[in-house]
Amino acid sequence: MRMNLLKSIYILACVCLMFNCKKQTLNPGNGAGNGMQAVLSDDAPGEGAIVLGQQLPNPYDIDVMQQAYEAIKGRFPAAQSPVRVTHNYTKLNLQDEQQLSDLKKDSTIVIYPYPMDFEIITPGTYYRHEEGQCDSCVTAQFASLKDGQPLPSNIQTEILSKLYIPEEDADLYHYVGKADAEAFEEAIVAEAFAIVGLEVDKNPGNTTQQRVSGSKWRPAGRIRVWDDVINNYVGVEGVEVKARRWFTTHKGFTNANGDYSCDGEFRHDANYSLQWERKHFSIRSGTYGQASYDGPKQRGNWNLDLNSGSHMFYARIFRAAHQYYYLNIDGLNRPPLNNSLFDPQLKIAAYNQSNSDINGVTSPWKRFLGLGNFIKLYNPQNAISAIHGTTIHELTHASHWNMCSPKSNYNGSDDIVAESWARGVQWWLTRKYYPNYQPAYNNTYTGVVEDMIDGIAGYDQVQGYTVAQIEQGVKNKKTWTAWRDNMINTYTNATEGNLPALFDFWD
Ligand SMILES: [Zn+2]
């Protein structure tokens, strides 16, 4: 039961509260704040730059596979040679973020920021191609593309090697017969590895592991993050986990429990990894580019429980962004999508450092939000619910901008309008995970949205609007009174006569 008095205390108490977007003083009781830096240790697994070792000889090269076939064909007298170019190991020389976004529109293309035929000496969060390269530069990407795979036309490519990959050859049995297909596949791969001087069980960047002859295994496991509100691990839903062996990648998405199972099997061990991104959004490691986690190289399940370091922060942000983009949000508009030719993937820069001024910023929130304009998030030391709320808040600004036409209806809107709406969605969506979550309000970041929805009376005699109605009400409305009047004029609600008093209360 919220009372008028309580809300007044909120307002007084919150004048000096920092929140999103605007520089205000951080409430000393709200997290560890106060300018303290480096709250989280940097020695957690997977932090820092990926370090590559030496380039390995390539057993899947078409010429090597041809030699391997010649060496084993006597053992398969009925077989015809299946060796042909099935894939092209390709370097994609991307010029800008738009090209990277275009590439990510196609889920059949799996790209890596580092070459796939090198040892990985040190797994990390990001990869820099060369010393001195700018942190936010778009870098070349690497992929094993099916022969004939179309790409966005403006992307410049360089074929590094033409490949025959027996494990991905769906037509192999046409050449060697159904009964012999599996034995042939094993034999030609083993022979090709022997020709280039590698052990077949050795994956790039891997130590040799004991192989179980002939048996295949499916990559699977569970991705969770520590939840300091409920004091337990929770699943990170919607993450795409990849398992790669040389040029072959199998992938799978995590469910609400964090469980995943990949879409293919391997005979030998594989490198696990994940990127903190989906088609529509990407979490950046500060300014270093795509935040990635390189997991172990192994055979068998990979379970990851994140409880420290930057990846705990990324996972918590990912959960909120995934909710807004992919889960049920009660009819609200989604934030900007990576769909049409010119739409970019939305970038969220996560800084694994405390910031005593702000939790986050949609920068600059009053201007175009698109290429090169990142949402920035700070303060990994905050509670998971607060990080979730801040992420939703900033994405709400992006969504608000996206739905306004012309954009000046967002860019020119009063702070109290944009911030109160963002605060409202923050409250509504975060409570789906944390029912007791309560953001603080002040005279810019008001509680008007909560008050229009909830049935709590007092100074607030309004209730029963849906969050989707309020979104339509605020759309294209630049001022407090225009938003209020649009609510009154657009919807029939028994309490609408009390809207002026409510808007006056918060103004
Ligand atoms: Zn804001």
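It should be emphasised that the depicted structure is a prediction, and the values quoted were computed from it without experimental measurement.

Here is what the cut-offs are and how they apply
Residues numbered from 1 in each chain as written. Predicted model: local features only at pLDDT ≥ 70, side-chain atom pairs only at ≥ 80, totals over all residues. Helix = DSSP H or I, 4+ residues; strand = E, 2+ residues; numbered from the N terminus. Buried ≥ 20, exposed ≤ 12 C-beta atoms within 10 Å, placed from the backbone. Contact = placed C-beta atoms within 7 Å. Pairing = 2+ DSSP bridges. Core = buried A, V, L, I, M, F, W, Y, C linked by C-beta atoms within 7 Å. Arc of directions from axis to C-beta. Axes fitted to C-alpha atoms, helices over the stretch in contact; angles between N-to-C directions. Left-handed = near helix turned anticlockwise from the far one by under 90°. Nonpolar A, V, L, I, M, F, W, Y, C, P; charged D, E, K, R; others polar. pLDDT = per-residue confidence, 0-100. Parallel < 35°, antiparallel > 145°, perpendicular 65-115°, else oblique.

Caption draft 1: View of the overall build of the chain. In terms of helices and strands, the chain carries 13 helices and 18 strands. A buried classification covers 44% of the 507 residues belonging to the chain. In the chain, of all internal contacts separated by at least 6 residues, the share reaching a separation of at least 24 is 74%.

Caption draft 2: Expanded view of the sheet that holds strand β6 (residues 156–163). With antiparallel pairing, four strands are arranged side by side in an open sheet as β3-β5-β2-β6. A strand with exactly one partner marks an edge of an open sheet, and here the two such strands are β3 (111–112) and β6. Two elements, strand β2 (residues 87–93) and strand β5 (residues 141–146), share six bridges in a ladder whose sense is antiparallel. For Lys-91, the partnering residue across the bridge sits in β5 and is Phe-142.

Caption draft 3: Main features of the nonpolar core. Within the largest apolar cluster, 75 residues are counted, with the highest numbers of intra-cluster contacts made by Tyr-314, Ile-317, Phe-318, Ala-321, Ile-348 and Ala-350. Examining the composition of this core, we find that 10 residues originate from one element, helix α6 (residues 309–326), more than from any other. Excluding residues that lie within four positions of it along the chain, Ile-348 makes contacts with Phe-281, Ser-282, Ile-283, Arg-284, Ile-317, Ala-321, Phe-374, Ile-375 and Leu-377. Tyr-60, Val-176, Phe-184 and Val-189 belong to the second largest nonpolar core, which has 21 residues in total.

Caption draft 4: Expanded view of helix α2 (residues 62–72). Along α2, the positions that sit buried rather than exposed are Val-64, Met-65, Ala-68 and Tyr-69. Within α2, the buried residues cover an arc of 140 degrees as seen down the axis, which keeps them to one side. On the buried face of α2, the contacting elements are α5 (181–196).

Caption draft 5: Structural view of the sheet that holds strand β9 (residues 240–245). With antiparallel pairing, four strands are arranged side by side in an open sheet as β10-β9-β12-β14. At either end of the open sheet lies a strand with only one pairing partner, and these are β10 (248–253) and β14 (292–298). Averaged over all adjacent pairs, the angle separating strand axes in this sheet is 20 degrees, with direction ignored. By the bridge criterion, five bridges tie strand β12 (residues 270–275) to β14 in an arrangement that is antiparallel. Each residue of the ladder has a partner; that of Leu-274, found in β14, is Tyr-293.

Caption draft 6: Fine view of the environment of Val-236. With respect to the helices and strands, the residue Val-236 is situated in the loop between β8 (232–235) and β9. With 25 C-beta atoms counted inside 10 Å, the residue Val-236 sits in the buried group. The sequence separation of Val-236 and Ile-317 amounts to 81 residues, and the corresponding C-alpha distance is 10.0 Å. Residues contacting Val-236, with those up to four places away along its chain left out, are Ile-223, Arg-224, Val-225, Thr-254, Gly-258, Ala-315, Phe-318 and Arg-319.

Caption draft 7: View of unusual backbone geometry. Omega for the peptide link from Ser-405 to Pro-406 comes to -5 degrees, which places this bond in the cis form. Note that Pro-406 resides in the loop between α7 (384–403) and α8 (408–411). The backbone phi angle of Asn-476 is positive, close to 65 degrees, even though this residue is not glycine. Take Asn-476: it is sitting in the loop between α11 (467–474) and α12 (480–490).

Caption draft 8: Local environment of the pairing of β9. β9 sits mainly inside the fold: five of its six residues count as buried. Linkage of β9 to β10, two consecutive antiparallel strands, is achieved through a turn of two residues, within which Trp-246 is found at a positive phi near 50 degrees. Pairing of β9 with β12, which is carried by four bridges, proceeds in the antiparallel orientation. Looking at β12, one finds that Arg-244 is bridged to Asn-271.

Caption draft 9: Examining the packing of α2 against α5 more closely. Taken N-terminus to C-terminus, the directions of α2 and α5 make an angle of 115 degrees; their axes are 8 Å apart at the nearest point. As α2 runs across α5, the sense of the crossing is right-handed. Contact residues: α2 offers Val-64, Met-65, Gln-67, Ala-68, Tyr-69, Ala-71 and Ile-72, while α5 offers Ala-187, Ile-188, Glu-191, Ala-192, Ile-195 and Val-196. Here the contact of α2 with α5 is composed, by residue class, of 11 nonpolar, one polar and one charged.

Caption draft 10: How the structure looks around the confidence of the model for the chain. Summarising the model, the chain shows a mean pLDDT of 85, and 84% of its residues fall at 70 or more. Predicted confidence is poor over residues 1–20, with pLDDT under 50, and the contacts of this stretch with residues over four places away or in other chains come to 40 contacts. Within the model, the stretch residues 363–368 combines pLDDT values under 50 with nine contacts to residues more than four positions away or in other chains.

Caption draft 11: The arrangement of the pairing of β10 in detail. In terms of strand pairing, β9 meets β10 through six bridges, oriented antiparallel. Across the sheet, Arg-244 pairs through a bridge with Thr-249, a residue of β10.

Caption draft 12: Local environment of the packing of α7 against helix α9 (residues 415–430). α9 packs onto α7 with a crossing angle of 130 degrees between their chain directions and a minimal axis gap of 8 Å. As far as their axial angle goes, α9 and α7 are oblique. Regarding α7 and α9, the two cross each other, and that crossing is right-handed. Contacts between α7 and α9 involve Ser-385, His-388, Gly-389, Ile-392, His-393, Thr-396, His-397 and His-400 from the first element and Ala-418, Trp-421, Ala-422, Arg-423, Val-425, Gln-426, Leu-429 and Thr-430 from the second. Split by residue class, the contact of α7 with α9 holds six nonpolar, nine polar and one charged.

Caption draft 13: A look at the environment of Gly-447. Note that Gly-447 resides in the loop between α9 and α10 (448–453). Given 26 C-beta atoms within 10 Å, Gly-447 falls into the buried group. The sequence separation of Gly-447 and Arg-423 amounts to 24 residues, and the corresponding C-alpha distance is 7.3 Å. The residues contacting Gly-447, other than those within four sequence positions of it, are Tyr-441 and Trp-506.

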